[in-house]
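# Notes for the structure review
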Amino acid sequence: AQRVTQPEKLLSVFKGAPVELKCNYSYSGSPELFWYVQYSRQRLQLLLRHISRESIKGFTADLNKGETSFHLKKPFAQEEDSAMYYCALRPGNEKLTFGTGTRLTIIP
Amino acid sequence: DAGVTQSPTHLIKTRGQQVTLRCSPKSGHDTVSWYQQALGQEPQFIFQYYEEEERQRGNFPDRFSGHQFPNYSSELNVNALLLGDSALYLCASSLVAGALAGGQETQYFGPGTRLLVL
């Protein structure tokens, strides 16, 4: 069975400092990986998907199949980055499996 | 495009009652997935509907059932409500046909319906 692990429940970072939210997964095949973000009082929204290899709001994430990781990074944190971040995996054409989430707080 | 919409936004029920939640997918999408997000927890997959049929199901009891209509909108029904059913119920829509044609089946979420069972 597939599993997503986000080891940090809470993460606080100073404004302007680099951010890294960790995500590890377990799945025997080639999954699709996503990062979703939930800002306060807003709906869950897609931030990144590994297949696109794009940068959104300054965030990037690289799929490392050897380490089975998909860490989310941003070189300089901004206050508006404070939110709940979920890493999610979808094996093939199946359901999304979410990690337990990391609440990121940017300290002004 | 209003994106994914859900109704009602909030609902209060008592144990043993039944509830129906509704979801309208994003324009052009043909698939609807439902998730349950308990307070402080991650979303958990309930089931997915495509072509008016349940395509996949998560680890939820038969008290949870659904339906998809020809216009792709969907309903989630929960019978014999328990206190533990209190949660935010999320609907997500996607375009399977696009995935089958080599596109990407990205799920877009609605704002959710917050259900409180007393």
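What you are looking at is a predicted structure, and each value in this text was computed from that prediction instead of being measured.

Residues and elements named next belong to chain A. The full count for this structure, using the stated rule, is two disulfides over all chains. Between C23 and C87 runs a disulfide, and the two sulfur atoms are separated by 2.0 Å. On the S-S bond that ties C23 to C87, the torsion sits near -65 degrees, and the link is left-handed. With a gap of 64 residues between them, C23 in the loop between β3 (19-21) and β4 (24-26) and C87 in strand β9 (residues 83-91) connect regions that are remote in the sequence. Given a relative accessible area of 0%, C23 falls into the buried group. Owing to a relative accessible area of 0%, C87 belongs among the buried residues under this scheme.

If you look at soluble globular proteins, the nonpolar side chains tend to sit buried side by side. Counting residues in hydrophobic clusters, the biggest one holds 24 residues, and the most contacted among them are L21, W35, L47, L72, Y85 and L104 of chain A. Considering every element that reaches this core, the biggest residue donor is β9 of chain A, with four residues. Once you skip the residues sitting within four places of it in the chain, L21 of chain A turns out to touch E8, L11, W35, H71, L72, Y85, T102 and L104 of chain A. One finds L21, C23, F60 and C91 of chain B within the second-largest nonpolar core, a separate group that totals 20 residues.

Here we come to the interface of chain A and chain B. Taken together, the contacts link 19 residues of chain A with 18 residues of chain B. Carbon and sulfur atoms supply 46% of the area buried between chain A and chain B, which totals about 1,700 Å² over both sides. At the surface where chain A touches chain B, the tally comes to zero salt bridges. Where chain A packs against chain B, one counts eight residue pairs in polar contact (both at pLDDT 80 or more).

Time to look at the packing of aromatic side chains. All told, the structure shown has 11 aromatic pairs over all chains when counted by the stated rule. Here the aromatic residues F34, Y36, Y86 and F98 of chain A together with Y35, F45 and F109 of chain B are joined through ring pairs into a cluster of three or more. Across from the ring centre of Y108 of chain B, 5.3 Å away, lies the NZ or CZ of K26 of chain B, which sits over that ring. Between R55 of chain B and the ring centre of Y50 of chain B, over which it is positioned, the NZ or CZ distance is 5.5 Å.

What counts and how
- Per chain, residues are indexed from 1 in the order of the written sequence.
- Here every chain gets a letter starting at A, and every ligand a number starting at 1, in the order they are written.
- With pLDDT at 70 or above as the cut-off, local features in this predicted model cover only qualifying residues; side-chain atom pairs require 80 or more to be listed or tallied, and sums for whole chains, interfaces and linings still use all residues.
- In computing side-chain properties, one takes all heavy atoms of the structure into account and sets aside hydrogens as well as water.
- Pairs of cysteine sulfur atoms within 2.5 Å are identified as disulfides in what follows.
- Numbering of helices and strands runs from the N terminus, with a helix taken as a DSSP run of H or I at least four residues long and a strand as a DSSP run of E at least two residues long.
- Only protein chains enter the accessibility calculation, which uses a 1.4 Å probe; a residue is then buried when its area is under 20% of its type maximum, exposed when over 50%, and partly exposed in between.
- Grouping buried Ala, Val, Leu, Ile, Met, Phe, Trp, Tyr and Cys residues that are joined through side-chain atoms within 4.5 Å yields what is termed a nonpolar core.
- The contact rule is simple, with two residues in contact once any of their heavy atoms fall within 4.5 Å.
- Buried area: the accessible surface (1.4 Å probe) lost by two parts on joining, summed over both.
- The working definition used for a salt bridge is a side-chain nitrogen of Lys or Arg within 4 Å of a carboxyl oxygen of Asp or Glu.
- As used in this structure description, the phrase polar contact means that two N or O atoms lie within 3.5 Å; if the pair is within protein, one of them must be able to donate a hydrogen and the other to accept it, and residues adjacent in sequence are counted only when both atoms belong to side chains.
- Two rings from Phe, Tyr or Trp (for Trp, the six-membered ring) form a pair when their centres sit within 6.5 Å of each other. Planes less than 30 degrees apart are called stacked, planes more than 60 degrees apart edge-to-face, and all others tilted.
- Comment: the charge-over-ring label is applied if NZ (Lys) or CZ (Arg) is within 6 Å of the ring centre and within 35 degrees of the ring normal.

The quantities given are spatial measurements derived from coordinates; they are silent on function.
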